[in-house]
Amino acid sequence: MAEAHSAVAFSFSITHEGWDINYDREVLDLVWQSGVRSWKKRLARFRTGVRNGVYPAHLQSLWLVIAIAIGLHFTHRHVPFDLVNKWLTVLPGDSLQWQLTACSLAGLVVWLSICYTMRYSLKLLLMYKGWMYEKRAPGSKVALKTRLWGLCVKILATWNKPGLYSFQGSLPRLPLPSVQETMSRYLRTVRPLLDDSNYQRMERLANEFQKGIATKLQRYLVLKSWWSTNYVSDWWEEYVYLRGRGALMVNSNFYGIDAIFMHPTKVQSARAASVVNLLLQFRRTVERQELEPILVQGLVPLCSWQYERIFNTVRAPGIESDKIIHYQDSNHIVVLYRACYYKVIIYHNGRLLRPCELQIQIEHILQQREEKPQPGEELLASLTAGDRTKWAQIRQTVFAKGVNRTSLHTVESAAFVLSLDEKPFEFDLAHPEKLDQFGRYLLHGNGHDRWFDKSFTVCVGSNGRIGFNAEHTWADAAVMSHIWEMLIMGETEQRYDENGNPVGIPEFEPPTPKRLTWDLNDKVALDAIDEAHLAAQKLLNDVDLRILVHDAYGKGLMKTCRLSPDAFIQMALQLAYYRDAGKFSLTYEASMTRLFREGRTETVRPCTIESAAWVKAMLNESVSVEERVRLLNAACERHQLGYQDAMCGKGIDRHLFCLYVVSKYLEIDSPFLQEVLSEPWRLSTSQTPHGQTSKMDLKKHPNCISAGGGFGPVADDGYGVSYIVAGEDLIFFHISSKKSCGTTSSERFAQAICRALADMKHLFEEYRSLQKKGISNGAKSDKLSSK
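Worth saying up front: this structure is predicted, and the values here are computed from it rather than measured. (Residues numbered from 1 in each chain as written. Predicted model: local features only at pLDDT ≥ 70, side-chain atom pairs only at ≥ 80, totals over all residues. Heavy atoms only, no water.)

A. Examining the overall build of the chain more closely. Tallying secondary structure elements over the chain gives 24 helices and 22 strands in all. For 787 residues, the compact-globule estimate of 2.2 N^0.38 gives 28 Å, and the C-alpha radius of gyration of the chain, at 30 Å, lies within 12% of that figure. Referenced to the eigenvectors of the C-alpha coordinate spread, the extents of the chain come out at roughly 120 × 85 × 65 Å. A fraction of 77% describes how many contacts in the chain between residues 6 or more apart in sequence connect residues 24 or more apart. (Helix = DSSP H or I, 4+ residues; strand = E, 2+ residues; numbered from the N terminus. Rg over C-alpha atoms; globule rule 2.2 N^0.38 Å. Contact = heavy atoms within 4.5 Å.)

B. Fine view of the environment of Val403. Checked against the element boundaries, Val403 lands in helix α14 (residues 402–412). On the basis of relative accessible area, Val403 is assigned to the buried category, the value being 17%. Sequence separation between Val403 and Thr517 is 114 residues; the distance between their C-alpha atoms is 6.5 Å. (Buried < 20%, exposed > 50% of the residue type's maximum accessible area, 1.4 Å probe, protein only.)

C. Seen up close, helix α6 (residues 144–158). The terminal C-alpha atoms of α6 lie 21 Å apart, and with 15 residues this matches the ideal 21 Å at 1.5 Å per residue to within 8%. Those residues of α6 lying buried are Thr146, Trp149, Gly150, Val153, Leu156 and Ala157. Burial along α6 is one-sided: seen end-on, the buried residues are contained in an arc of 140°. More than 90 degrees from the buried face of α6, the exposed residues found are Leu144, Leu151, Lys154 and Ile155. (Expected span 1.5 Å × (residues − 1). Arc of directions from axis to C-beta.)

D. Expanded view of helix α10 (residues 233–242). Listed in full, the buried residues belonging to α10 are Ser233, Trp235, Trp236, Glu237, Tyr241 and Leu242. In this fold, the buried residues of α10 make contact with α9 (214–227), β6 (313–316), β7 (323–326), β18 (601–604) and α22 (653–665).

E. Geometry of a nonpolar patch on the surface. A cluster of nonpolar side chains, Leu108, Leu112, Tyr116 and Tyr120, forms an exposed patch at the surface whose accessible area comes to about 350 Å². Locating Tyr116 in the fold gives a position in helix α5 (residues 96–126). Looking at Tyr116, the relative accessible area reads 39%, which means it is partly exposed. (Patch = residues over 30% accessible without salt bridge, like charges linked within 9 Å, V, L, I, M, F, W, Y side chains within 5 Å. Areas by Shrake-Rupley, 256 points an atom, 1.4 Å probe, with all protein chains shown as cover. Salt bridge = Lys/Arg side-chain N within 4 Å of Asp/Glu carboxyl O.)

F. Quick peek at the pairing of strand β3 (residues 254–257). Here β3 shows no split at all, with Phe254 and Gly256 on one side and Tyr255 and Ile257 on the other all buried. Of the strand pairs in this sheet, β3 and strand β14 (residues 466–470) are connected by four bridges, and their pairing is antiparallel. Across the sheet, the residue bridging to Phe254 is Ala470, located in β14. Relative to strand β20 (residues 709–711), β3 is paired through three bridges, and the arrangement is antiparallel. Across the sheet, the residue bridging to Tyr255 is Gly710, located in β20. (Pairing = 2+ DSSP bridges.)

G. Structural context of the environment of Asn277. Among the secondary structure elements, Asn277 is positioned in helix α11 (residues 268–287). Separated by 424 residues in sequence, Asn277 and His701 place their C-alpha atoms 21 Å apart. In contact with Asn277, not counting residues within four places along its chain, are Leu353, Arg354, Pro355, Leu358 and Gln494.

H. Fine view of the nonpolar core. In this structure, Phe416, Leu418, Leu420 and Phe672 are the most contacted members of the largest nonpolar core, which totals 122 residues. The element that contributes the greatest number of residues to this core is α11, accounting for nine residues. With residues up to four places along the chain from it excluded, the contact list for Phe416 reads Val276, Leu279, Leu280, Phe311, Ile333, Val334, Lys454, Phe456 and Val458. Ala576, Leu632, Tyr719 and Tyr723 belong to the second largest nonpolar core, which has 46 residues in total. (Core = buried A, V, L, I, M, F, W, Y, C linked by side-chain atoms within 4.5 Å.)

I. Broad picture of the state of the cysteines. Across all of its chains, the model carries zero disulfides by this definition. Cys340 supplies the cysteine sulfur nearest to Cys459, a cysteine that is in no disulfide, at a spacing of 17 Å. A relative accessible area of 0% means that Cys459 is categorised as buried. Not part of a disulfide, Cys607 finds its nearest cysteine sulfur in Cys636, a span of 14 Å. Assessed through its relative accessible area of 2%, Cys607 is described here as buried. (Disulfide = S-S within 2.5 Å.)

J. Local environment of the sheet that holds strand β19 (residues 683–687). The six strands lie next to each other as β16-β22-β21-β19-β17-β18, forming an open sheet whose pairing is mixed. Both edges of this open sheet fall to β16 (543–550) and β18, since each of them pairs with a single strand only. The average undirected angle you get between the axes of adjacent strands in this sheet is 20°. Here strand β17 (residues 587–592) runs beside β19; their pairing, made up of three bridges, is parallel. Across the sheet, the residue bridging to Tyr588 is Ser684, located in β19. (Axes fitted to C-alpha atoms, helices over the stretch in contact; angles between N-to-C directions.)

K. Quick peek at the packing of helix α19 (residues 565–581) against helix α20 (residues 609–618). Where α19 contacts α20, the two axes come as close as 10 Å, and the packing angle between them is 60°. Here α19 lies oblique to α20, going by the angle between them. By crossing handedness, the relation of α19 to α20 is classed as right-handed. From α19, Met571, Gln574, Leu575 and Tyr578 reach across to α20, where they touch Ser611, Trp614, Val615 and Met618. Classifying every residue of the contact of α19 with α20 gives six nonpolar, two polar and no charged. (Parallel < 35°, antiparallel > 145°, perpendicular 65-115°, else oblique. Left-handed = near helix turned anticlockwise from the far one by under 90°. Nonpolar A, V, L, I, M, F, W, Y, C, P; charged D, E, K, R; others polar.)

L. The packing of aromatic side chains, seen in detail. Under the defined criterion, the tally for this structure stands at 28 aromatic pairs. Each ring, one from Phe311 and one from Phe456, has its centre 5.6 Å from the other, and the planes form 75°; the classification is edge-to-face. A residue pair is termed long-range when its members are at least 10 positions apart, and Phe311 in the loop between β5 (300–301) and β6 and Phe456 in strand β13 (residues 456–460) qualify at 145 residues. Grouped by ring-pair contacts, the aromatic residues Tyr341, Trp391, Phe399, Trp451 and Trp518 constitute a single cluster. (Phe/Tyr/Trp six-rings, centres within 6.5 Å; stacked < 30°, edge-to-face > 60°.)

M. Highlighting the confidence of the model for the chain. Overall, the prediction assigns the chain a mean pLDDT of 89, with 92% of residues at 70 or greater. Contacts for the low-pLDDT stretch residues 1–11, under 50 throughout, to residues beyond four places or in other chains number 15 contacts. (pLDDT = per-residue confidence, 0-100.)

N. Spotlight on the sheet that holds β3. The eight strands lie next to each other as β15-β9-β8-β12-β13-β14-β3-β20, forming an open sheet whose pairing is mixed. Across the chains shown, the open sheet's two edge strands, defined by having one partner strand only, are β15 (514–515) and β20. Direction of pairing for strand β12 (residues 417–420) relative to β13: parallel, over a ladder of four bridges. Across the sheet, Leu420 pairs through a bridge with Val460, a residue of β13.

O. Representation of the pattern of salt bridges in the model. If you walk through the whole model with that rule in mind, you get 40 salt bridges. The residue Asp258 makes a salt bridge to Arg271 at a minimum N-O spacing of 3.0 Å. A residue pair is termed long-range when its members are at least 10 positions apart, and Asp258 in the loop between β3 and α11 and Arg271 in helix α11 qualify at 13 residues. The same class applies to Asp258 and to Arg271, which are both buried. Residues participating in the shared-partner salt-bridge network are Arg245, Arg315, Asp322, Arg388, Asp453 and Glu471.

Here it is as structure tokens:
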């Protein structure tokens, strides 16, 4: 317990000689600095909160309005509604001082009226979603209504530079679809999956539901949509994530990979220090709200609510339900190396540590190779990878007091966790298995070298390559993707010397990392850790992960086909899956709903009547090339419409999910909802967004292409596919499945995807060739007829 005693900053005792006071000046200085920094942040939050509260008006315009009110009053002109005189009737007097006060109050009232008029005008404008459905093909004309709308939004939203959360008060609420609309869309999406008799049965169940209890359930949702900011997000977070009792590792957490064509340094400590510094700079821009909000087409803002919990956040386990804990401030990170945990202070002398100073701390940890984990410490993180209820029970007993509680709090309150791996993260186009292993390291590691409860863990390989493992509850993958883009582009500005170390000279000796201590000799704790470790090993050994680098072509060719790259790839996945499984399957594609306040995701169902018709045509040799192209265009248009509907709040699955939650609260059984919510997503897909930040310039930095990331399979007998259209001639696919399933194979499915993409390319080549022949033959016939 020597470490606990040395951590005491202040103590006193009473002796026969009087008061005996002992204190550690250095520790008290750290406490003082932490308090000062905390109050500065509170003041900054208050100031930015006021600024965001009046956006799109400018805070400085208040003084202008007050000056105008004073000028009007003292030139004997009336302020609107005679506000100055009305204020004077309630003020104690009418001296010059009180007249100025009345003018100020009148100006404030007028200014607030202008602010809220502008805000609600912008909110009404942002409710319009017609711009989403405008055709963007070359030669297409934008409707006059949309052009006028865009001009008004631009005037209101861009004249005053917005902060990160400036648009939050102007974003509309997620609209609630009618039951009839949702039923109609749902039945259309399941038609290709069911034969005639099963479809008629499902149609009957849907009609019974719509005419029966749906009316009552919908009333409660209407009330919730009026009362709450978003009628989906809180229930989605609670019931889909926090109440899940299964393991986070593989099942929920996802990963992201380094920009694999960029390798700025092979020195592990140097790359780790650079990444930590860049992430902390990003945290500062978020806290100060200096980060630019993402604007779709440079005009329409996305909700930034999820950015609040990027750092200093943990998902704490509970017996029945977990909870998200976000700490307002954290002046440290936790480093995990060789199964030992270290607290690393990231502030000193009132500023963030620079990369060259952080490297000293990380080098100190790497030199502790002879340090042995304490009993139970080596496999400790397995608890975060296992069953949530069991982890909660152990947390409430073994980690409720003493050094265990202190150390656990240090880990959970850290800005993030940094894992220094002893294995290299490798990439070689000639050896694709190396990239597959890279992905596996990030998805699950060895089951006990990632703290899966933290918002994210940064992983640094022994050769300096990096990646992350992120918890899914606090935010969706697009947010982590944005952070990762900023980090990768930030590294283009970081400089390293000839030895691969960060350029710069430390101004002082940074604080020495402190080893965390644990008391885990208790048999209950050791047994729980061993049980979690065995469960984690069984889970990770069942993962079949394949990362496909498709460099035959990318979005460049897709654009020449005049098709949406996302729709193009989704059709390729439909064709690949049908060839692999011999049937169609319910397909999940994640779409964002961040055009609305506190929006998260909605499901797009890519398996449609049109996509099924095209897939069958591709497998039928008697169907002409022209017909196949026509069917593919129709399928892509239908997919695009489904994606647009999902983004505009006209989705299917979140509405049905909320109706199901209400039915459970009311203890009403619905055969229709039970069947719908139990349908497995055997093909779960997601596109990793690319180019979310204006800093991403691939022309200037072509090696900064992100390889995206992936997740585990959702169904035991299905595939998880994440893809990123990384360039004009490059697409990454992250394909996962389970080895224990005899009907799936990630390698086989990767080959099916390659074949499908090759067939689609060949289809358009044939189509163009036929078009040229048709034009040529037409020209010849014209010449003959003229003769």
